[in-house]
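Coordinate inspection notes
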Amino acid sequence: RFSYSYSWHYQNVDICRPFDQQAACKDGDCVSAQIERNAKLLADERLPVRERVTALAFLAHLVGDLHMPLHAGDRGDRGGNDFPVAYG
């Protein structure tokens with residue numbers, strides 16, 4: 001249902017350089033831009049309740065994602081999604 005939001009859940013940044021939103025978030029397709037977008041949607045009382053509830057759910061989820069170490073790293077691994085892990 002929300003497959004379009006895949007890249008909203010992480011942000012690859014170069015942690016050795018000053019943060020640059022434009023460089024770190026091409027076309028607004030990253031977690032920090034979508035947090036800002038969904039906060040604005042949630043605050044817009046003209047929108048239908050259903051859209052505002054969806055914005056609230058995304059906002060809560062994305063703020064959690066931003067606090068995950070691999071989701072805001074500098075490896076260029078799509079928020080840890082390309083990081084190989086071996087169990088056992």
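Refer to the preceding data block for the structure.
Residues numbered from 1 in each chain as written. Predicted model: local features only at pLDDT ≥ 70, side-chain atom pairs only at ≥ 80, totals over all residues. Heavy atoms only, no water.

**A word on the pattern of salt bridges**
For the record, the criterion: Should a side-chain nitrogen of Lys or Arg be within 4 Å of a carboxyl oxygen of Asp or Glu, the pair is scored as a salt bridge. Helix and strand definitions here come from DSSP, where helices need a minimum of 4 consecutive H or I residues and strands a minimum of 2 consecutive E residues; each element is numbered from the N-terminal end. Think of it in three bands: with a 1.4 Å probe and only protein chains considered, a residue is buried below 20% of the maximum accessible area for its type, exposed above 50%, and partly exposed in between.
Evaluation of the coordinates by the stated rule reveals two salt bridges. Between Glu 36 and Lys 40 there is a salt bridge, with its nearest N and O atoms 3.5 Å apart. With Glu 36 and Lys 40 both in helix H2 (residues 31–43) and four residues apart, the pair spans about one turn of that helix. Lys 40 gets classed as exposed once you look at its relative accessible area, which sits at 55%. Across the salt bridge formed by Asp 44 and Arg 46, the nearest N and O atoms sit 3.0 Å from each other.

**Things to note about the packing of aromatic side chains**
Stated formally: To pair, rings of Phe, Tyr and Trp, with the six-membered ring standing in for Trp, must have centres within 6.5 Å; the planes then decide the type, stacked if under 30 degrees apart, edge-to-face if over 60, and tilted in the middle.
Evaluated as defined, the whole model comprises four aromatic pairs. With a centroid separation of 5.4 Å and an interplanar angle of 75 degrees, the aromatic rings of Tyr 4 and Trp 8 are classed as edge-to-face. Take Trp 8: its relative accessible area is 8%, and that puts it in the buried class. The structure contains a cluster of three or more aromatic residues connected by ring pairs, namely Phe 2, Tyr 4, Trp 8 and Phe 58.

**Some words on the side chain of Gln 34**
For the record, the criterion: Here, two residues are considered to be in contact whenever any of their heavy atoms come within 4.5 Å of each other.
Mapping Gln 34 onto the fold places it in helix H2. Residue Gln 34 is classed as buried on the basis of its relative accessible area, which comes to 6%. Discounting residues that sit within four places of it in the chain, Gln 34 has contacts with Trp 8, Gly 28 and Leu 62.

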